[in-house]
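Examination of the molecular architecture
Now for the letters of each chain:
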Amino acid sequence: MNNLSDFMLPPAKSTVAGQTDALFNFINVTSLVFLIGITIAIIFFAWKYRRKSEDDVTPVITHNNRLEITWSVIPLILVIIVFGWGYTGYMNKATPPDDSYEIRAVGKKWLWEFHYPTGHVSVGELHVPVDRPVKLVMSSVDVIHSLYIPDFRVKQDVLPNRYTSLWFEATETGESVVFCTEYCGNAHSNMMATAFVHTQQDFETWLANAGSADDDLPPVELGEVLTQRNACTTCHSTDGSILQAPSFQGLFGSERPLESGETVVADENYIRESILNPQAKIHEGFQPVMPAFAGTLDDDQINAIIEYIKTLE
Ligand code: CUA
């Protein structure tokens, strides 16, 4: 069945993926067998019992007990198999092991944030150890999102005002794509992240150094890295084109019309305020959809982003 799985499904990289794929393939193959069998029977009977002459009369047949029991009992057995199989798989996915490593996931329009037990926050990057159950405790700050990692065969809605969770145990190191699969607005299709699966040791090293690797970068370079990592560029272009928000190009020092009718100069303080509290001054012609980065970005990082925006003339 391996080749069939590879043809139809992404690589299976978690402990639950095998069971999910086996059930998926069972349903598909069973359906295919019935599709072919029923189609052949229809064509054969249509040919065999075609009207051969003008005075051909259809015989009156009311029922056939043996036939009717057969075509009821066989599908019943099949759906009971699918239910039992699906139920055990669902319960397995719904019950994280007690020793799971816990990471908080936050969905925002339009990025994924991951909070680790050390206090480190990564945006757009989910780092996990291999061969260890990981539980994501998830919530949204705005609308309904849905976190989906196809390689791990896990997907769960992420809601405002409520925690949901999912768990997985990655079986090999490498990278996998994380999608949002609940339509959440203009940039929904760009609301992606990457799951990095490390060895236990590499994961600990990564977590210990997380964040500090950037300290050596000059502010402008750090700012560029941060605007990409925090998904700013999903909505703010750097080449003057208009996406969901004003472009960063030519922003610094320019006069900006606000929805309130006032005008502000986009200086350091305006940009800082707009990062920490985006709803404070809404740019004319744009929706107030940006999430607040207070608590996500510190002063050094905000400085770096401002220095980077200054270079985009
Ligand atoms: Cu978030 Cu779609």
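Reading the values: rules and limits
- Residues numbered from 1 in each chain as written.
- Predicted model: local features only at pLDDT ≥ 70, side-chain atom pairs only at ≥ 80, totals over all residues.
- Heavy atoms only, no water.
- Pairing = 2+ DSSP bridges.
- Helix = DSSP H or I, 4+ residues; strand = E, 2+ residues; numbered from the N terminus.
- Axes fitted to C-alpha atoms, helices over the stretch in contact; angles between N-to-C directions.
- Contact = heavy atoms within 4.5 Å.
- pLDDT = per-residue confidence, 0-100.
- Patch = residues over 30% accessible without salt bridge, like charges linked within 9 Å, V, L, I, M, F, W, Y side chains within 5 Å.
- Areas by Shrake-Rupley, 256 points an atom, 1.4 Å probe, with all protein chains shown as cover.
- Salt bridge = Lys/Arg side-chain N within 4 Å of Asp/Glu carboxyl O.
- Domains from an automatic or database assignment.
- Phe/Tyr/Trp six-rings, centres within 6.5 Å; stacked < 30°, edge-to-face > 60°.
- Buried < 20%, exposed > 50% of the residue type's maximum accessible area, 1.4 Å probe, protein only.
- Lys NZ or Arg CZ within 6 Å of the ring centre and 35° of its normal.
- Polar contact = N/O pair within 3.5 Å; in protein donor to acceptor, adjacent residues only side chain to side chain.

Things to note about the sheet that holds strand β4 (residues 125–129)
- Pairing is mixed in the open sheet, where five strands are placed in the order β4-β10-β9-β6-β7. The sheet terminates laterally at β4 and β7 (154–158), the two strands that pair on one side only. Averaged over all pairs of adjacent strands, the angle between their axes in this sheet comes to 20°, without regard to strand direction.
- Pairing between strand β9 (residues 174–180) and strand β10 (residues 193–198): five bridges, direction antiparallel. Across the sheet, glycine 174 pairs through a bridge with valine 197, a residue of β10.
- Its contacts with the sheet place helix α4 (residues 200–209) against β4 and β10, and it is angled at close to 135° to β4.

Digging into the confidence of the model for the protein chain
- Put simply, the protein chain has an average pLDDT of 90, and 97% of its residues get 70 or more.
- Taken element by element, the protein chain is modelled with least confidence in helix α1 (residues 2–8), mean pLDDT 60, and with most confidence in strand β6 (residues 145–149), mean pLDDT 97.

Focus on a nonpolar patch on the surface
- Where nonpolar side chains cluster on the molecular surface, the patch consists of Val29, Val33, Phe34, Ile38, Ile42 and Ile74 and spans about 520 Å² of accessible area.
- Counting residues per element, the nonpolar patch draws most heavily on helix α2 (residues 17–48), at five residues.

With respect to the domain arrangement of the protein chain
- Split by domain assignment, the protein chain resolves into domain 1 (4–94), domain 2 (101–210) and domain 3 (217–311).
- Computed over C-alpha atoms, the centres of domain 1 and domain 3 are 56 Å apart.

Some words on the pairing of β7
- Direction of pairing for β6 relative to β7: antiparallel, over a ladder of five bridges. Within the sheet, the bridge partner assigned to leucine 147 lies in β7 and is glutamine 156.
- Here β6 folds back onto β7 in antiparallel fashion, the turn holding four residues, of which arginine 153 has a positive phi close to 60°.

Some thoughts on the packing of aromatic side chains
- Overall, the coordinates contain ten aromatic pairs when judged by the stated rule.
- Between phenylalanine 26 and tryptophan 85 the ring centres are 5.2 Å apart and the planes differ by 45°, which places this aromatic pair in the tilted class. Separated by 59 residues along the polypeptide, phenylalanine 26 in helix α2 and tryptophan 85 in helix α3 (residues 65–94) bring together distant segments of the chain.
- Since its relative accessible area comes to 25%, tryptophan 85 is described here as partly exposed.
- These aromatic residues form a ring-pair network of at least three members: Phe44, Phe45, Trp47 and Tyr49.
- Over the ring of phenylalanine 293 we find lysine 108; its NZ or CZ atom is 5.4 Å from the centre of that ring.
- Cation over ring: lysine 155 sits above tyrosine 148, and NZ or CZ is 4.6 Å from the ring centre.

Section: the side chain of serine 237
- With respect to the helices, strands and loops of the structure, serine 237 is situated in the loop between α5 (219–229) and β11 (255–257).
- On the accessibility criterion, serine 237 (6% relative accessible area) is buried.
- For serine 237, the side chain forms a polar contact with the side chain of aspartate 239, separated by 3.2 Å.
- Those residues in contact with serine 237, other than ones at most four positions away along the chain, are Leu243, Ser247, Phe248 and Gln249.

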